[in-house]
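Listed here are the chains, written in short residue letters.
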Amino acid sequence: MLKKKMLSRNSKGRFTTYGIVIAAWIIMEIFMRAGLMSSHLEGLLVPMTYYAIVAVALNLCVGILGELSLGHAGFMCVGAFSSALFSLVTDGVMPDGVRFLIALVIGVIVSAIVGFLIGIPVLRLNGDYLAIVTLAFGEIIKNIINAMYLGVDSKGVHISFESQMALNMEPEGKTLINGAMGVTGTPHDANFTIAVILLLLALVVVQNFIDSRDGRAVMSIRDNRIAAESIGIPVTKYKMLAFTISAAIAGMAGVIFSHNIATLQSTSQYFGYNVSIMILVYVVLGGIGSIRGSVIAAVILYLLPELLRGLNKYRMLIYSVVLIAVMIINWAPKAIEKRTAFFDSIRKGMKRNGTA
Amino acid sequence: MMSFLTSFVNGLSLGSIYAIIALGYTMVYGIAKMLNFAHGDFIMVGCYIIFIFSSNLGLNPVAAILIAIVLCTLLGITTERVAYRPLRNAASPLAVLITAIGVSYFLENLALLIFGADTKSFTSVVPWAGISLFGGSLQIQGITIVTILVSLLILIFLQLFVHKTREGQAMLAVSQDRGAAMLMGIDVNKTITLTFAIGSALAAVAGALLASAYPSLTPYTGAMPGIKAFVAAVLGGIGSIPGAMIGGLVLGIIEILSRTYISSQLADAIVFGILVVVLIVRPTGILGKNIQEKV
């Protein structure tokens, strides 16, 4: 009885989430079309959406699988670079829409493969050890791509970690990744509408996964690994499954990233551990395990420092104080106690008034 | 051969700095069971304090370091009291992690506001030029020698403190079982505060040494060494004091050697790669204890 009720509430909640996203998209589009939006804010819409997608992906890992990952920016990086390379090579060969679609598929598959390979060693670890190793892998990915030179000519693909000259290419060869200079000239295929469609896709995939038999198995592992194992749930398989899906979705966000930026560089600013941490902040403030919360928190927290721009130098300082205050008010046992007591007293007061 | 020795000694020096930071990390982690992401920023705060008193006000470097130690200790205690303690028994361990990230953002942006984003040039706190061995073919800087000695002294001091004093024993007890320690009459709050005080004081010392060896100072100076030191603490087995020392040294030496002989761009990737390899072979680090999970 209880279970039935919860499931129906779950699916209702799911459509509310889709509805919120679509409504937000319509409102933004109207504002944009009517010219009410500053070009600065317009430029924030796509980043806001891909960070929401990564937040959804990370929430699958942190909230549903219950493993703290600090390396999701690395998966974004993989998705961004693999898809950008494809788009760069096939620019002009095929129609834009088809090219972006294939780039998207490539980005997602490559980051899923990387996620799977990283998952093999990582998921053997526990807790904070796991977190620091995901951080390590994220930094390794960022670092290797940052040091890589990749070019292509008639003889094939050349890779070097020294310099562009060391690629030894024919004069008409094309340099794809120019070390720390990154990738330039990726076609600007992504826009806000595409980003929102992909966000919806991510939401559908994650929600369906959570509500599926596989998803329940994953959550049972999160709640008690030993109990789950003892009733015959293949723990490793499900952990890998959730982690790989999470990496693939983060890679999808990376595809949008690389097709929305003129120069794609593998720097800490875009793909460092601090980006992973920023996304973790979205996930925790949105509510661990709440997919809708992740989207809302990502949007609000991404826009907050930008909207505080009027306060200029003080904005990040205010942001950090707000972050600490929100965490303490939301999570401190004493604060929760006081809050419950406060609401109880209000409720009691209302009841008394109602009966009187 | 000499260039190898030079790199090795430089690695030893960098490793010693990592070790000092990692000692702070590992103690806080072992006793408060939290990742203090702001630890690296305590280093930065220490650097700026020394910078003000020593480079700007012309105070004796030793006095400046002492002031930095005192102020960083106060900062550590205050942070723990205001930001971390209310969340100690929160429903999710992620709550205090996010708060620590908030503290880290706060300190970095406060420094940005006060000192600006431009790089400050730090004057070494060790005026001694150092020694030259083998007829001048091996130069060892004064700061390198001082760094290695200081880290050894700190290691010995901490080992004695933890194993020989009542406060240290209390720390061990709290790190093993907080509830049982409380039942034995140990003041858990006081013990955790003391741990943060020691950790932050070590951060100030590490800051002085780090900024003397790598004399460019920005609000983000502490972030990457902080992360590397945490990696070192995990590498050595988190919670273990000798482990932090070994982890720090291993990491520093590997970092400098790969910078010299492989690639300066890939050095960080190699350092993190070592962590991955070690944790795959020994999931609790080099000296970490493997605690079996019981049903």
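All chains use their own residue numbering, which begins from 1 and follows the written sequence. Each chain is given a letter, starting from A, and each ligand a number, starting from 1, according to the order in which they appear as written. Only residues with pLDDT of 70 or above have their local features reported here, since the model is predicted, and side-chain atom pairs are shown and tallied only from 80 upward, although totals for entire chains, interfaces and linings are computed over all residues.

(A) Molecular detail of the overall build of chain A. Only runs of H or I of at least four residues qualify as helices and only runs of E of at least two qualify as strands under DSSP, and these elements are numbered from the N terminus. Counting secondary structure elements, chain A contains 14 helices and 5 strands. Using C-alpha atoms as the atom set, the radius of gyration is obtained and then compared with a globule rule of 2.2 Å times the number of residues to the power 0.38. Taking 2.2 N^0.38 as the reference for a compact globule, 356 residues should give roughly 21 Å; the C-alpha atoms of chain A span a radius of gyration of 23 Å, in line with that estimate. Projected onto the principal axes, the alpha-carbon positions of chain A cover approximately 90 × 60 × 35 Å. Scored against the burial criterion, the 356 residues of chain A give a buried share of 44%. We call two residues in contact when their backbone-placed C-beta atoms lie within 7 Å. Sequence-distant contacts, at least 24 apart, represent 75% of the contacts inside chain A between residues at least 6 apart. Around each residue's C-beta, the other C-beta atoms within 10 Å are counted; 20 or more make the residue buried, 12 or fewer make it exposed, and counts in between make it partly exposed. All C-beta atoms are placed from the backbone.

(B) Main features of the overall build of chain B. For chain B, the helix and strand inventory stands at 11 helices and 4 strands. Against the 2.2 N^0.38 benchmark of 19 Å for 295 residues, chain B shows a C-alpha radius of gyration of 19 Å, consistent with a compact globule. Out of the 295 residues belonging to chain B, those deemed buried represent 53%. Across chain B, every contact between residues at least 6 apart in sequence was considered, and the portion connecting residues at least 24 apart equals 75%.

(C) Looking closely at the sheet that holds strand S2 (residues 156-160) of chain A. Residue and element names in this part refer to chain A. In this scheme, strands are said to pair when DSSP sees at least two bridges between them. If you walk across this open sheet you meet the 3 strands as S2-S1-S3, and the pairing is antiparallel. In the strand order of this sheet, the two ends are held by S2 and strand S3 (174-178), each with one partner. On average, each strand axis in the sheet is tilted by 15° relative to the strand beside it, whichever way the strands run. Bridging between strand S1 (residues 149-153) and S2 involves 5 bridges; their strand directions are antiparallel. When the bridges of S2 are listed, Tyr-149 appears paired with Ser-160. All axes here are fitted lines through C-alpha atoms, helices being fitted over the stretch that makes contact, and every angle between N-to-C directions spans 0 to 180 degrees.

(D) Local environment of the interface of chain A and chain B. Contact with chain A, which involves 37 residues of that partner, is made by 38 residues of chain B. Secondary-structure elements contributing two or more residues to the side of chain A that touches chain B are helix H5 (127-146), helix H11 (273-286), helix H13 (315-331) and helix H14 (333-355) of chain A. Per-element tally for the side of chain A that touches chain B: the top contributor is H5(A), with 11 residues. Residue type decides the class: Asp, Glu, Lys and Arg count as charged, Ala, Val, Leu, Ile, Met, Phe, Trp, Tyr, Cys and Pro as nonpolar, and the leftover types, Gly among them, as polar. Looking at the side of chain A that touches chain B, its residues break down into 29 nonpolar, 3 polar and 5 charged.

(E) Looking closely at the environment of Pro219(B). All names here are of chain B. With respect to the element layout, Pro-219 can be found in the loop between strand S4 (216-217) and helix H9 (223-236). Expressed as a C-alpha distance, the spacing of Pro-219 and Gly-40, which sit 179 residues apart in the sequence, is 11 Å. Discounting chain neighbours no more than four positions away, the residues touching Pro-219 are Met-44, Glu-108, Ala-111, Leu-112, Phe-115 and Ala-117.

(F) Layout of the pairing of S1(A). Residues and elements named next belong to chain A. In this structure, the hairpin formed by S1 and S2 is closed by a connection of 2 residues. Examined bridge by bridge, S1 and S3 share 4 bridges and lie antiparallel to one another. Its bridge partner lying in S3, Gly-151 is registered against Thr-175.

(G) Broad picture of the nonpolar core. In this structure, Ile53(A), Val54(A), Ala55(A), Val56(A) and Val231(B) are the most contacted members of the largest nonpolar core, which totals 213 residues. Among all residues touching Val54(A), those that are not within four sequence positions of it are His72(A), Met76(A), Ala250(A), Ala253(A) and Ile279(A). We call a set of buried Ala, Val, Leu, Ile, Met, Phe, Trp, Tyr and Cys residues a nonpolar core when their C-beta atoms link them within 7 Å.

(H) Layout of unusual backbone geometry. Although it is not a glycine, Lys33(B) sits at a positive phi angle of roughly 55°. Assignment of secondary structure puts Lys33(B) in the loop between helix H1 (2-32) and helix H2 (39-56).

(I) Structural detail: helix H10 (residues 241-261) of chain B. Across its 21 residues, H10(B) extends 30 Å between first and last C-alpha, which sits within 8% of the 30 Å expected from 1.5 Å per residue. With 16 of 21 residues buried, H10(B) is to be regarded as a mostly interior element. The span one expects for a helix is its residue count, reduced by one, times 1.5 Å.

(J) Region of the structure containing H1(B). Residue and element names in this part refer to chain B. With 31 residues, H1 should cover 45 Å at 1.5 Å per step; its first-to-last C-alpha distance of 44 Å lies within 8% of that length. Taken across its 31 residues, H1 has 24 buried, putting it largely inside the fold. One or two residues past the end of H1 sits Lys-33, with phi positive at roughly 55°.

(K) Spatial organisation of the packing of helix H3 (residues 72-89) of chain A against helix H4 (residues 96-122) of chain A. All names here are of chain A. At a minimum axis separation of 8 Å, H3 and H4 run at an interaxial angle of 140°. Helix-helix and strand crossings are classified by hand; for H3 and H4 the assignment is right-handed. Of the residues in H4, those in contact with Phe-75, Val-78, Gly-79, Ser-82, Ser-83, Phe-86 and Ser-87 of H3 are Arg-99, Ile-102, Ala-103, Leu-104, Ile-106, Gly-107, Val-108, Val-110, Ser-111, Val-114 and Gly-115. Handedness of a crossing follows from how the near helix is turned relative to the far one, being left-handed for an anticlockwise turn of less than a right angle and right-handed for a clockwise one.

(L) Here's a closer look at the packing of H2(B) against helix H8 (residues 188-213) of chain B. All names here are of chain B. Here H2 crosses H8 at 60°, and the two axes come no closer than 7 Å. With respect to each other, H2 and H8 are oriented oblique. Crossing hand, H2 versus H8: right-handed. Between H2 and H8, the residues in contact are His-39, Phe-42, Ile-43, Met-44, Gly-46, Cys-47 and Ile-50 and Gly-199, Ser-200, Ala-203, Ala-204, Ala-206, Gly-207, Ala-208, Leu-210 and Ala-211, respectively. When the residues that make up the contact of H2 with H8 are grouped by side-chain class, the tally is 11 nonpolar, 5 polar and no charged. Orientation is classified from the angle alone, with under 35 degrees giving roughly parallel, over 145 giving roughly antiparallel, 65 to 115 giving roughly perpendicular, and any other angle giving oblique.

(M) Looking closely at the confidence of the model for chain A. Put simply, chain A has an average pLDDT of 87, and 96% of its residues get 70 or more. The secondary-structure element of chain A with the lowest mean pLDDT is helix H1 (residues 2-33) of chain A, recorded at 77, while helix H9 (residues 235-258) of chain A shows the highest, at 95. Every residue gets a pLDDT, meaning the predictor's confidence in that residue, from 0 to 100.

(N) Broad picture of the environment of Ala228(A). Residue and element names in this part refer to chain A. Note on placement: Ala-228 falls in helix H8 (residues 225-230). Under the C-beta neighbour-count criterion, Ala-228 is labelled partly exposed, with 19 such atoms within 10 Å. On a C-alpha basis, the gap between Ala-228 and Ala-217 in space is 7.7 Å, while along the polypeptide they are 11 residues apart. If sequence neighbours within four positions are ignored, Ala-228 has contacts with Ser-220, Ile-221, Ile-233 and Val-235.

(O) Seen up close, the environment of Leu200(A). Residue and element names in this part refer to chain A. Within the fold, Leu-200 resides in helix H6 (residues 192-211). Residue Leu-200 is classed as partly exposed on the basis of its 16 C-beta neighbours within 10 Å. Linking Leu-200 and Tyr-18, residues 182 residues apart in sequence, is a C-alpha distance of 6.7 Å. Contact partners of Leu-200, with chain neighbours within four places excluded, come to Tyr-18 and Val-21.

(P) Region of interest: the confidence of the model for chain B. Per-chain confidence: chain B averages 89 in pLDDT, with 98% of residues scoring 70 or above. Scored as a whole, the predicted complex attains pTM 0.88, and scored at its interfaces, ipTM 0.86.

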